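# Structure at a glance
For reference, the chains in residue letters:
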Amino acid sequence: TGSVNASMFFVASLGSEGMLATDAGPAEFYERWQADMDSIRSTAGPLLRAAVPIDDGVGIFWSRRSEIANELDGRFGSGLSAQGELVAAFDAAGINAKFVTERQILAGRLSPATTKILFVCVAKAVSDELAGALETYLRSGGTVVADVAPDIRDAHCAPAAPGRLLRLFGVK
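Everything numeric in this text was worked out from a predicted model, so none of it was measured.

Spatially, four strands are ordered 2-1-3-4 in an open sheet, and the strand pairing comes out parallel. The sheet terminates laterally at strand 2 (97–101) and strand 4 (143–146), the two strands that pair on one side only. Neighbouring strand axes in the sheet, compared pairwise and without regard to direction, differ in orientation by 30° on average. Helix-sheet contacts for helix 8 (residues 128–139) involve strand 1 (58–62), strand 3 (117–120) and strand 4, and the interaxial angle to strand 4 is about 130°.

In structure tokens form, the structure reads like this:
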């Protein structure tokens, strides 16, 4: 899915992604599946590349900052494992979910018009800017579902008194 992965069908035979051996010929591993790639590139590849995924308005927040915080504090589990469980559940229910990053949120690309509900899994490290952007999203009609340990570390992964996200859920 996505243009990066779909582009692989079209550029693999051109030597990108490590397809060339040191003698500038096709790498041995690539020779074994080059015919299959050529077939895909000339048949289903263009359809796959042009396909637009169905957007059910469901977002899953992913945060590199929170994954780093998880390395510092393993309590409450990892966002990655919680996200994996969500993806599996959505997949089983036929719901298409998209990952939403902090960078996308801070760039103003999180809107209730396109993402009706955002799942925030073990978001341990939260910047003031992100907390403010999530509050704006909520006040604009979006829905946020969070699990354990939101906001126990600051933007630099230093321990912080929880509160910026908890207050959005009415926790005092």
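For residues that are not glycine, phi is negative in most cases, and the peptide bond is trans in most cases. Within the chain, valine 122 stands out as a residue other than glycine whose phi angle is a positive 45°. For valine 122, a relative accessible area of 3% translates into the label buried.

In this structure, Phe61, Ile105, Leu110, Leu118 and Leu134 are the most contacted members of the largest nonpolar core, which totals 14 residues. Mapped by element, the contributors of at least two residues to this core are strand 3 and helix 8. In terms of residues, this core owes the most to one element, helix 8, which gives four residues. In this structure, leucine 118 is in contact with Gly59, Ile60, Phe61, Val100, Ile105, Leu110, Leu134, Tyr137, Thr143, Val144 and Val145, ignoring residues within four places of it in sequence. Grouped together as the second largest cluster of nonpolar side chains are six residues, Ile60, Phe90, Phe119 and Cys121 included.

Here the focus is the packing of aromatic side chains. What the rule picks out here adds up to two aromatic pairs. Measuring from centroid to centroid gives 6.4 Å for phenylalanine 29 and tryptophan 33, while their planes differ by 45°, and the two rings are tilted. With a relative accessible area of 36%, phenylalanine 29 lands in the partly exposed category.

Our focus in this paragraph is the side chain of glutamine 83. Along the chain, the position of glutamine 83 falls in helix 6 (residues 79–93). Residue classification places glutamine 83 among the buried residues on the basis of a relative accessible area of 4%. Setting aside anything within four residues of it in sequence, one finds glutamine 83 in contact with Ile60, Phe61, Trp62, Phe99 and Cys121.

Turning our eyes to something else, we now look at the pairing of strand 1. In terms of burial, strand 1 is largely enclosed, as four of its five residues are buried. When strand 1 meets strand 2, the two strands line up parallel, connected through five bridges. Bridging from a neighbouring strand, isoleucine 60 pairs with phenylalanine 99 of strand 2. Pairing geometry for strand 1 and strand 3, over four bridges, is parallel. When the bridges of strand 3 are listed, isoleucine 60 appears paired with phenylalanine 119.

Regions of empty space are outlined by a rolling probe, equal in size to a water molecule, passed over the atoms. If you walk through the whole model with that rule in mind, you get one cavity of 30 Å³ or more. Looking at the largest cavity, its volume works out to about 40 Å³. Lining the largest cavity are ten residues, and of these Phe61, Ser63, Ser66, Gln83 and Cys121 sit closest to its centre. Of all the secondary-structure elements, those providing two or more residues to the lining of the largest cavity are strand 1, helix 5 (64–72) and helix 6.

Cut-offs used in this document
Residues numbered from 1 in each chain as written. Predicted model: local features only at pLDDT ≥ 70, side-chain atom pairs only at ≥ 80, totals over all residues. Heavy atoms only, no water. Pairing = 2+ DSSP bridges. Helix = DSSP H or I, 4+ residues; strand = E, 2+ residues; numbered from the N terminus. Axes fitted to C-alpha atoms, helices over the stretch in contact; angles between N-to-C directions. Contact = heavy atoms within 4.5 Å. Buried < 20%, exposed > 50% of the residue type's maximum accessible area, 1.4 Å probe, protein only. Core = buried A, V, L, I, M, F, W, Y, C linked by side-chain atoms within 4.5 Å. Phe/Tyr/Trp six-rings, centres within 6.5 Å; stacked < 30°, edge-to-face > 60°. 1 Å grid on protein atoms, 1.4 Å probe; cavity = no way out; pocket = protein on both sides within 12 Å on 5 of 7 lines; lining within 4 Å. Points joined across faces, edges and corners; volume = space filled by probe spheres on them.

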